[in-house]
Amino acid sequence: MKNVGFTDFWGRTMRNIKAVEKLTDQQTALLMAKLTVPVAVSEILLEGRALAEDECLALHQILSDMEPDTAFLAMSMAIAELGYFQGIRKTPLMGTLTLQARQYVSEYAPLWLENAQSTTHVMDERNVYDLLCTLPEDLEALNEMIVIVLSSSAVDETARQILRVFQIQSNAHRIIAETLLEEFENLGGCHDMLPSFDEIEQAYQANALNKEQNQNNIIAFPARN
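None of these values were measured; they are calculated from a predicted model.

Scoring rules and cut-offs
- Residues numbered from 1 in each chain as written.
- Predicted model: local features only at pLDDT ≥ 70, side-chain atom pairs only at ≥ 80, totals over all residues.
- Heavy atoms only, no water.
- Helix = DSSP H or I, 4+ residues; strand = E, 2+ residues; numbered from the N terminus.
- Areas by Shrake-Rupley, 256 points an atom, 1.4 Å probe, with all protein chains shown as cover.
- Core = buried A, V, L, I, M, F, W, Y, C linked by side-chain atoms within 4.5 Å.
- Buried < 20%, exposed > 50% of the residue type's maximum accessible area, 1.4 Å probe, protein only.
- Contact = heavy atoms within 4.5 Å.
- Patch = residues over 30% accessible without salt bridge, like charges linked within 9 Å, V, L, I, M, F, W, Y side chains within 5 Å.
- Salt bridge = Lys/Arg side-chain N within 4 Å of Asp/Glu carboxyl O.
- Expected span 1.5 Å × (residues − 1).
- Polar contact = N/O pair within 3.5 Å; in protein donor to acceptor, adjacent residues only side chain to side chain.

Across its full length, the protein holds nine helices and zero strands. Of the regular secondary structure in the protein, the N- to C-terminal order runs α-α-α-α-α-α-α-α-α. Working note: accessible area of the protein is about 12100 Å², and carbon and sulfur atoms make up 51% of it.

Given below as structure tokens:
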């Protein structure tokens, strides 16, 4: 990853803000329940203890099993919780990361909830494309911001453990999101209409299988749902 200075970090954080909508308490509670990770992080922070090794591994596994947009949303919500416990005035870098994480939640949560709350709902192809277009860049920005925050001596060890997991997972999901976007664009060039998310997933899985058959040393992507 390229080196990122504080100026770059601040510039990314103060990027042009998209139109967002404020989440209701009910929406926030639903997100916390469905995403699992924010609740797990909150419980650890309330107990005021460090993570055991198996808890770090479990956190990795939960996030790696998620779709990139779900993992991104889960990490962003968890970071918002983490910032609350750390105290954004005490640790300015953590405060900046927290504010950006809250912004990400506001941007991504409404569409995610719309899709998650209905078993019959089919995401509009244009919405899928809009989401995939911004997701890799936002995951990369989150990763870079976490790296900067980890350089601060004001961040305690428990926060460091959690953020190290998020650093690794945000980078892994960025790679997956970029691959999904490539598949989306490739499929879109062969159809009059933009492909559905299911079509993207099928193409992604087919390509992953072909690569696995042709290369013995391939690095597998995290499991897909």
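This part is about the nonpolar core. Ranked by size, the top nonpolar core spans 48 residues in total, and within it Leu31, Val37, Leu63, Ile79, Leu97, Leu163 and Phe166 carry the most contacts. For this core, the secondary-structure elements that each account for two or more residues are helix 2 (25-35), helix 3 (37-47), helix 4 (53-64), helix 5 (68-86), helix 6 (92-116), helix 7 (125-150) and helix 8 (157-188). It is helix 6 that provides the largest number of residues to this core, a total of ten residues. Every residue in contact with Leu97, bar those within four places of it in the chain, is listed here: Ile79, Leu142, Met145, Ile146, Val149 and Leu163. Leu132, Ile176, Leu180 and Phe184 belong to the second largest nonpolar core, which has five residues in total.

A cluster of nonpolar side chains, Leu46, Tyr84 and Phe85, forms an exposed patch at the surface whose accessible area comes to about 370 Å². Mapped onto the elements, Leu46 comes out in helix 3.

Quick look at helix 5 now. End to end, helix 5 covers 26 Å across 19 residues, agreeing with the expected 27 Å (1.5 Å per residue, within 8%). Of all 19 residues making up helix 5, 16 are buried, and the element is well covered by its neighbours. At the exit of helix 5 stands Gly87, carrying a positive phi of roughly 90°.

With that out of the way, let us pick up the pattern of salt bridges. Counting across every chain of the model gives four salt bridges. Arg164 is the salt-bridge partner of Glu157, the closest N and O atoms lying 3.4 Å from each other. Note that Arg174 is salt-bridged to Glu178, the shortest N-O span being 3.0 Å. Taken together, the residues Arg174 and Glu178, both in helix 8 and four residues apart, mark about one turn of the helix. Residue Arg174 is classed as buried on the basis of its relative accessible area of 18%. Ionic contacts of the salt-bridge type, sharing partners, join the residues Glu47, Arg49 and Glu55 into one network.

With that settled, consider the environment of Thr179. The topology assignment puts Thr179 in helix 8. For Thr179, a relative accessible area of 14% puts it in the buried group. Through-space distance from the C-alpha of Thr179 to that of Pro136 is 9.4 Å; in sequence the pair is 43 residues apart. A polar contact of 2.9 Å, which involves the side chain of Thr179, links it to the backbone oxygen of Ile175.

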